[in-house]
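Next come the chains, spelled out residue by residue.
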Amino acid sequence: MPDRSGPGFRPRVGPPSRRTRVLLLTVGVLAVLFLLFVMFAGFWTDWLWFKSVSYSSVFTTQLWTKVGLFAVVGLLMAAFVGTNIWLAHRLRPPLSAMSVEQQSLDRYRAGIAPFKRWVLIGVSLLIGLVAGAAASGQWRTWLLWTNATSFGVKDSQFNLDVSFYAFDLPFYEFLLGFAFSAVIVALLASVLVHYLYGGLRLQGPGRRASVGAQGHLAVLLGLFVLLKAVAYWLDRYALAVKTGTFKGVDGWTGLRYVDANAFLPAKTILFFVAIICAVLFFLTPVRRTWAPALIGFGLMALSAVLIGGVYPAIVQQFQVKPNEQAKETPYIQKNIDATRQAYGIADSQTQQYSPKATTNADALKPDAQTIADIRLLDPNVVSPTFQSIEQQRSYYAFPNTLDVDRYGSGSTAQDTVIGLRELDLSGVQGDKRNWINDHFKFTHGYGAVAAKGNQVNDKGQPVFTESSLPATGSLGDYQQRIYYGEKTGTYSIVGGSNQEIDYTTDTGDKLYQYTGGSGVSLNNPFTRAAYAVKFAEPQILYAGAITDGAKVIYDRTPKERVEKVAPWLSIDADPYPVVQDGKLIWVLDGYTTSDGYPFSSKTTLGAVTKDSLTNQRGELLTAANKVNYIRNSVKATVDAYTGEVTLYQWDDADPVLKTWMKAFPDTVKPRADIPATLMPHLRYPQDMFKVQRELLGQYHVTDAGSFFNGTDIWQIPVDPTSDTKQVQPPYYLTVRMPDPAVTSASFSLTTTFVPSGRENLAAFMAVSADPGPEYGKIRILKVPGDSKTLGPNLVQSQFNSRPEVANQLTLLKSGGDSQLEYGNLLTLPVGGGLLNVEPVYVKGRGAKYPVLQKVLAVYGNDNVAFENTLEEALKKVFAGVATGTTPTAPTDPNTPTTTPTAPSGGSSDPVVQKALQDAQKAINDSAQALKEGDWVKYGQAQKALQDAVTAAVTAEQKAGASPAPAPTATPSATAPVSPSATP
C-alpha cells in the first residue's frame, strides 16, 4: 500500500469520478423521494382516516378550499408583483454617463442579465407561494362568506344584519389585507428594480427619478392610498365590533358616545380625503410633478391625526366626561341587549329571594324530591374509590373526574355517578411492555361502573348499581369493550388473526378478535409504509403480526375525533359516557362561536371555563380564543367500540351552524334523528354554563344606569373545598326552583354568586339541564344585599368554627394519621331558605381511597349539623319541623293530597288495582316519613306516589274506560305545624 503521508503523496484533484457522481446523484434522488413520501404520507393517512369514519367530504372540502385559495391568491400575488417588476425593468432609462453610484451597481446588473427571466419568475413564484400559504389558512373565512346565513337580527347603529359582521366583514378585511400586501410588495420590488437600472438615483446631478419610474411609483402609491380609503370605510362598520375596556369589562365591544359622534364622522371624512389624495397620485404621471400628490398625502396624514385622533380626544374630554352617564347610557344599553342576546342569556329570569332561617313541614313538602336526591357522592373525590374497588386489573383505570348522569324513570330515576374502566398501559408490568403488547394485545378497556349519587353503604363506600368484570347490574346488556375513550392516546392494530387480551381471569387471559368496522386497512404495503412514517415505527412495514384483515385505529379520544370531523366546532371539555341501546357511547357538546356579533362584549373562553377542577379535566380552548357569540348547537356521539362519530343538530335556529351545514352538507343529522333512548341522557353542557354565568355576573343588570354605576357586580366564589384558589365549579343536581311556575324538581346545573369583594351570598342560579320544554331556562334567585346570607366560603367557615364539629374533625384525623377530603359543597333552595350540604371523606393512613364518614348540613346561618348520614343531618337541621303533625297526605303540588279510592265505575283492572295499592302505600310511607322527620324517605315516597297515580290513569285509558280520577281522601284533622327549632 502506498505511503499517503510521505512527501511524494499527491491527493487526487479535479472533478469526482463517474462512479462517485452517480452515487451522489442516487443518494440525492433517494433523499428527495423520501422527503416527498414523508410529506405525502401525512396527506394520505389523513385521507384514509376520514374515509374510514365516513367523513371524507370534510377532508375534501377543506383540501379543495385550501388549494383554491392557495392557487388563486398565490397566482394573483405572483402575477401582480411580477408584472410590476417587469414594468419597472421595461421603464428603465437608457444608460448614459455613469455616476459613481451607477458604476457600483453595474456588476449586479451584469450578474443578473443572463438570468433576468428566471429571476423574475423565481421571485414572483416565491412571493406567490408565501401569499398562497397564508391565504390557505383563511379557509374558514372563505367558507363562512360563501355560505353565509342571515341572523334575522340587525345591529342598532348601521341597521345591517348581524351576518354582515360575522361573515362578510372578516372576508372583506382579508381581501383588503391581501391587496395591501400585494401593493406594498410590488412597490418595494419596483423601487429596487428602478434603483438597480437607474430609474431612481440617490446621487449625481439632474432628476432623481426618471419619468417612467415617477409615473409607475405614483400609480402604486395611488393604489395604496385608494386601499386606505376602503379601509377607512370598513373601519366605520368595524367600530360596532371594536373591543376595549369599559366599566370593568375587559372585552367591552361596540360604539360608545365618542365613537358614534367623533370617530364615525372622522372615518367618513378621511374616506373622502383619501379618495382625493389617490386621484392626485394618479394624476402625477400626467402633470409630471409630485407636489400636488405629496401635499395631498401630507394633508391626509395631518387629517388622520387631527380628525381621527385629536378631535375624538376633545369630544371625550369636554363633552363626555362632564356628563358621562347621560352620554354613554344609550350605548351601554345597546351593549347590554346585544351581549345578553349573543350569549343566550336574554331570557334568563331573575326573582328576589329572601332566604329564611327556619322552615316548617308545609314549606318543605314541595321540595321533598330535591331533598331525596341530594347527591352525596362527589364525582371529583370518589375516582380513587372506583379505582381501588373496581379497577380489577392493573392495566385499567378510571378518569380523575367521574361523570353524573340519570338512569331509570319515575320513582326509579336516579342521579348516577358513572365512569368507564379504560385501558391504561402504564399499569402493564414492566417486563410486558413491548411494541407487540402495547399495540396488538392491550388494545381496549372493559365495562362501565356506576353508583347511586345519593347513597353510600355502611362503610362509606359507593352503592354500585353496575360493577364487576365483566360488568353486571342495572344497565343491562351492552357492548362493554372500550376501544375509544378519554385515556386511549395511542394507536392499536386490530383485526386479522390478531388475538387481543380481552381481560384476565383466574384461569388466564380471555382473548378476543375485534369485529368493529372502524380503522384503516393495512393490507396495502404502500399504506403500511405510510403509517410506518406517520408513527415513526418501521416495524409496521414488516411485522409478521400484521396479517390480512388487520386495521390500525388511532385518534381515539372522543374529543379529538369530533374536533377532526367537525373542525368548525369548539368541543366541551367533559365528554361523558352513556349506555344506550346495547352500546356504550360518549356524548359531547359542540359549540358554534363568532367574534363578530356587534355590540356584544367578548370573553376569553379558556379563562372563563377554568375552575378548581380544570387541571383534572382540561380546558375548552386556549386563552387566545375570544368570542362574543356562542351556541350549544351540536350534540355529538362517539361509539366506544366502533369509534363511529355522529353529529346531531341541537340548535336548529343557530345561523352559524346553518352556515357550516351548507359548507359541509350531510355531516350533521337533524335533531329528529336523535334516538329516543339517548334523549333522556342529554344535558346542559358545563362549559356553556360557565361562559354564561361569567357574563351574568355583570350582565344580570339590564338597566344601563345601574350598569354604569357598577354597584351590583357578582363574582363566582372561590371553591372552599379546594386548595387551587380557583372558582367553584358548577354542579349537576336535581332541584326545584322556588317559582310558582315550577311544580317539580328537575335535573339542573347550578352555581352561586357572591358580591364583588365580599363573601356573603348574592344569588343562586340554575339552568334546567333535562331535554324538554324547560331545557336551557336560566333562573336566578337574587338575595337582598342586607340579608347576610352565607356564601360558600362563609358556610365552610361556619362549619369549621363550631367547637363540636372541630372536636369530631380531630377524632376523624386520628392524631394526624388520617386525611380529610371535603366533597362538593352543594347549595339548594329548600323550604323557603337555603340548605347547604357537604360530604366529608376520610382517607385513613395507608388507605388507597377516601370513604364518606360524615355529612355537613347547614340551614340558614345557624342551624348546623355534622352527622354520620344525610338523614341524620337533615333531621337535626330540621329538628321540630314535623313535631305534633299527623299528616294524612302530602301537599306537594305534583301529587294529590288524598287517599286513593277506586276510579268511578269500579275498575276491576288488576293493573289499576295494583297501582292504587301502591299509591296508598306511598301515602302511608309519606306520612310515616314526615312523622319521623325523614325528608329523604319522604321524597322517595312522593316519587312512588306519582308513579302509581300515573300508572293507574294510563291503565284505565288503555282499557277504554273513562280516565281514573286522582285518588281522593277524606280530610282529617291536622295539628298546626310548628317552626323548626334552632339546634
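Note that the structure is a prediction, hence the values are computed from the model and not measured.

Visitor: Would you mind going over the overall build of the protein with me for this structure?
Guide: Scanning the protein from N- to C-terminus turns up 27 helices and 34 strands. A total of 983 residues make up the protein; the buried ones form 51% of that total. In the protein, of all internal contacts separated by at least 6 residues, the share reaching a separation of at least 24 is 70%. Just so you have it, the protein exposes about 42,700 Å², and 58% of that area is on carbon and sulfur atoms.

Visitor: Whenever I open this one, the pairing of strand E15 (residues 508-512) confuses me. Can you help?
Guide: Where a strand is regular, its side chains alternate between the two sheet faces. As defined by bridge partners, strand E14 (residues 500-505) adjoins E15 across five bridges and the pair is classed as antiparallel. Following the sheet pairing, Glu 500 is matched in E15 by Tyr 512. The turn joining E14 and E15, which pair antiparallel and follow one another in sequence, is formed by two residues.

Visitor: In this structure, what is going on with the packing of aromatic side chains? I would like to understand it.
Guide: By the definition in use, this model includes 53 aromatic pairs. Ring plane angle 15 degrees and centroid distance 6.1 Å describe the contact between Trp 568 and Trp 660, whose orientation is recorded as stacked. Of this pair, Trp 568 sits in the loop between helix H17 (558-565) and strand E18 (570-571) while Trp 660 is found in helix H20 (residues 655-663), placing the two residues 92 residues apart along the sequence. Among the residues examined, Trp 568 registers a relative accessible area of 7% and is labelled buried. Following the ring pairs from residue to residue traces out a cluster consisting of Trp 142, Trp 145, Phe 158, Phe 164, Tyr 165, Phe 171, Tyr 172, Phe 174, Trp 233, Tyr 237, Phe 271 and Phe 272.

Visitor: I tried to follow the side chain of Ser 136 on my own but got confused; where do I start?
Guide: Structurally, the position occupied by Ser 136 is in helix H4 (residues 116-136). By relative accessible area, which is 17% here, Ser 136 ends up buried. Apart from residues lying up to four places away in sequence, Ser 136 is in contact with Lys 66, Leu 69 and Phe 70.

Visitor: What's the story with helix H6 (residues 162-196) in this structure? I'm lost.
Guide: Along an α-helix, residues three or four positions apart point the same way, because every turn accommodates 3.6 residues. Counted at 1.5 Å a residue, the expected span for H6 with its 35 residues is 51 Å, and the 50 Å between its end C-alpha atoms agrees. Along H6, the sharpest change in direction is near 40 degrees and occurs at Asp 168; proline Pro 170 comes one to four residues later. Two residues or fewer past H6, Gly 198 is found with a positive phi of approximately 90 degrees.

Visitor: I would appreciate a short explanation of the pattern of salt bridges in the present structure.
Guide: Think of it this way: side chains of opposite charge can pair up when their charged atoms draw near. Scanning all chains against the criterion turns up 22 salt bridges. Among the salt bridges present, the one from Asp 46 reaches Lys 564, with a minimum N-O distance of 3.8 Å. Of this pair, Asp 46 sits in helix H1 (residues 18-52) while Lys 564 sits in helix H17, and the two are 518 residues apart along the sequence. Measuring nitrogen to oxygen at the nearest pair gives 4.0 Å for the salt bridge that ties Asp 403 to Arg 683. Placement of the pair is Asp 403 in strand E5 (residues 403-407) and Arg 683 in the loop between H20 and helix H21 (686-699), with a sequence separation of 280 residues. You'll find Asp 403 and Arg 683 in the same group, each marked buried. Salt bridges sharing partners connect three or more residues here, namely Asp 46, Asp 555 and Lys 564.

Visitor: Even after reading the chapter, I still don't get a nonpolar patch on the surface, so can you show me in this structure?
Guide: Residues Ile 295, Leu 299, Leu 302, Val 305, Leu 306, Val 310, Ile 314 and Phe 318 make up a contiguous nonpolar surface patch of roughly 760 Å² in combined accessible area. With respect to the element layout, Val 310 can be found in helix H9 (residues 291-320).

Visitor: Looking at this structure, how should I read the sheet that holds strand E6 (residues 414-420)?
Guide: Sheets are built from strands that pair by backbone hydrogen bonding, the pairs being arranged parallel or antiparallel. One open sheet accounts for five strands, arranged E5-E6-E9-E10-E11; its pairing is antiparallel. Looking at the sheet topology across the chains shown, the edges are occupied by E5 and strand E11 (472-473).

Visitor: Just to check I follow, could you spell out the environment of Ser 394 for this structure?
Guide: As for its placement among the helices and strands, Ser 394 is situated in the loop between helix H13 (383-390) and strand E4 (396-397). If sequence neighbours within four positions are ignored, Ser 394 has contacts with Asp 424, Gly 427 and Gln 429.

Visitor: Which parts of the structure should I look at to understand the side chain of Gln 461?
Guide: Along the chain, Gln 461 turns up in the loop between strand E9 (448-456) and strand E10 (462-467). Reaching out from Gln 461, the side chain makes a polar contact with the side chain of Tyr 849 at a distance of 2.7 Å. Every residue in contact with Gln 461, bar those within four places of it in the chain, is listed here: Ile 389, Val 456, Tyr 849 and Val 851.

Visitor: What am I meant to see in the pairing of strand E29 (residues 778-782) here?
Guide: Across the five residues that make up E29, a large majority, four, are buried. Alignment of strand E3 (residues 349-352) against E29, held across four bridges, turns out to be parallel. Looking at E29, one finds that Thr 350 is bridged to Ile 780. Bridge count between strand E28 (residues 763-768) and E29: five bridges; the pairing is antiparallel. Of the residues in E29, the one forming a bridge with Ala 763 is Lys 782.

Visitor: Sorry, what's going on with the sheet that holds strand E17 (residues 550-553) here?
Guide: Strand order in the open sheet formed by three strands is E13-E17-E16, and the pairing between neighbours is antiparallel. The strands lining the two open edges of the sheet, one partner per strand, are strand E13 (492-495) and strand E16 (520-521). Sheet topology places E16 next to E17; two bridges connect them, and they run antiparallel. Opposite Ser 521, over in E17, you have Lys 551 as the bridge partner.

Visitor: Teacher, can you tell me more about unusual backbone geometry here?
Guide: When glycine is set aside, most residues are seen to have a negative phi, and most peptide bonds are trans. Note that the residue after Leu 469, namely Pro 470, is joined by a cis bond; omega there is -10 degrees. If you check the backbone angles, Asn 159 has positive phi at about 60 degrees while not being a glycine. Within the fold, Asn 159 resides in the loop between helix H5 (139-146) and H6. Notably, Asp 666 is not glycine yet its phi reads approximately 65 degrees, a positive angle. With respect to the helices, strands and loops of the structure, Asp 666 is situated in the loop between H20 and H21.

Visitor: What is the right way to look at the packing of H5 against H20 in this model?
Guide: To characterise two packed helices, one gives the angle between the axes of the helices and the distance between these axes. The N-to-C vectors of H5 and H20 enclose an angle of 100 degrees; their axes lie 9 Å apart at closest approach. If you check the angle between H5 and H20, you find them roughly perpendicular. For the pair H5 and H20, contact is made by Trp 139, Arg 140, Leu 143 and Leu 144 and by Thr 659, Trp 660 and Ala 663, respectively.

Visitor: Which parts of the structure should I look at to understand the packing of helix H8 (residues 257-287) against helix H10 (residues 324-342)?
Guide: For the pair H8 and H10, interaxial distance at closest approach is 8 Å and the crossing angle is 95 degrees. In terms of orientation, H8 and H10 fall into the roughly perpendicular class. Only Lys 327, Glu 328 and Tyr 331 of H10 make contact with H8, whose side of the interface consists of Tyr 257, Ala 260 and Asn 261. Its residues assigned to classes, the contact of H8 with H10 comprises three nonpolar, one polar and two charged.

Visitor: So what exactly am I meant to see when it comes to the environment of Ala 218 here?
Guide: With respect to the helices, strands and loops of the structure, Ala 218 is situated in helix H7 (residues 211-238). It is 9.3 Å that separates the C-alpha atoms of Ala 218 and Ala 278, two residues lying 60 residues apart in sequence. Those residues in contact with Ala 218, other than ones at most four positions away along the chain, are Phe 281, Thr 284, Pro 285 and Trp 290.

Visitor: What is the right way to read helix H24 (residues 803-813) from this model?
Guide: Residues Val 805, Leu 809 and Leu 812 constitute the buried set of H24. Mapping the buried residues of H24 onto a view down its axis gives an arc of 60 degrees, with all of them on the same face. Turned more than 90 degrees from where H24 packs its buried face, Pro 803, Asn 807, Thr 810 and Leu 811 sit exposed.

Visitor: Looking at this model, I keep getting lost on the confidence of the model for the protein. Mind explaining?
Guide: When pLDDT is low, close inspection of the predicted coordinates is not appropriate. When pLDDT is averaged along the protein, the result is 84, and 85% of the positions lie at 70 or above. The weakest mean pLDDT in the protein belongs to helix H19 (residues 614-617) at 62; the strongest belongs to strand E24 (residues 645-649) at 97. In the predicted structure, residues 882-906 sits below a pLDDT of 50 and forms 70 contacts with residues beyond four places in sequence or in another chain. A low-confidence stretch, residues 961-983 stays under pLDDT 50, and its non-local contacts, those more than four residues away or across chains, total 56 contacts.

Visitor: How should I be thinking about the environment of Asp 595 in this particular structure?
Guide: Here Asp 595 is to be found in the loop between strand E20 (583-594) and strand E21 (603-604). Spatially, the C-alpha atom of Asp 595 lies 9.2 Å from that of Asn 625, the residues being 30 residues apart in sequence. When neighbours within four sequence positions are excluded, Asp 595 is seen to be in contact with Lys 602, Lys 626, Val 627 and Asn 628.

The rules behind the values
Residues numbered from 1 in each chain as written. Predicted model: local features only at pLDDT ≥ 70, side-chain atom pairs only at ≥ 80, totals over all residues. Heavy atoms only, no water. Helix = DSSP H or I, 4+ residues; strand = E, 2+ residues; numbered from the N terminus. Buried < 20%, exposed > 50% of the residue type's maximum accessible area, 1.4 Å probe, protein only. Contact = heavy atoms within 4.5 Å. Areas by Shrake-Rupley, 256 points an atom, 1.4 Å probe, with all protein chains shown as cover. Pairing = 2+ DSSP bridges. Phe/Tyr/Trp six-rings, centres within 6.5 Å; stacked < 30°, edge-to-face > 60°. Expected span 1.5 Å × (residues − 1). Bend = angle between axes of the 7 residues up to and from the residue. Salt bridge = Lys/Arg side-chain N within 4 Å of Asp/Glu carboxyl O. Patch = residues over 30% accessible without salt bridge, like charges linked within 9 Å, V, L, I, M, F, W, Y side chains within 5 Å. Polar contact = N/O pair within 3.5 Å; in protein donor to acceptor, adjacent residues only side chain to side chain. Axes fitted to C-alpha atoms, helices over the stretch in contact; angles between N-to-C directions. Parallel < 35°, antiparallel > 145°, perpendicular 65-115°, else oblique. Nonpolar A, V, L, I, M, F, W, Y, C, P; charged D, E, K, R; others polar. Arc of directions from axis to C-beta. pLDDT = per-residue confidence, 0-100.

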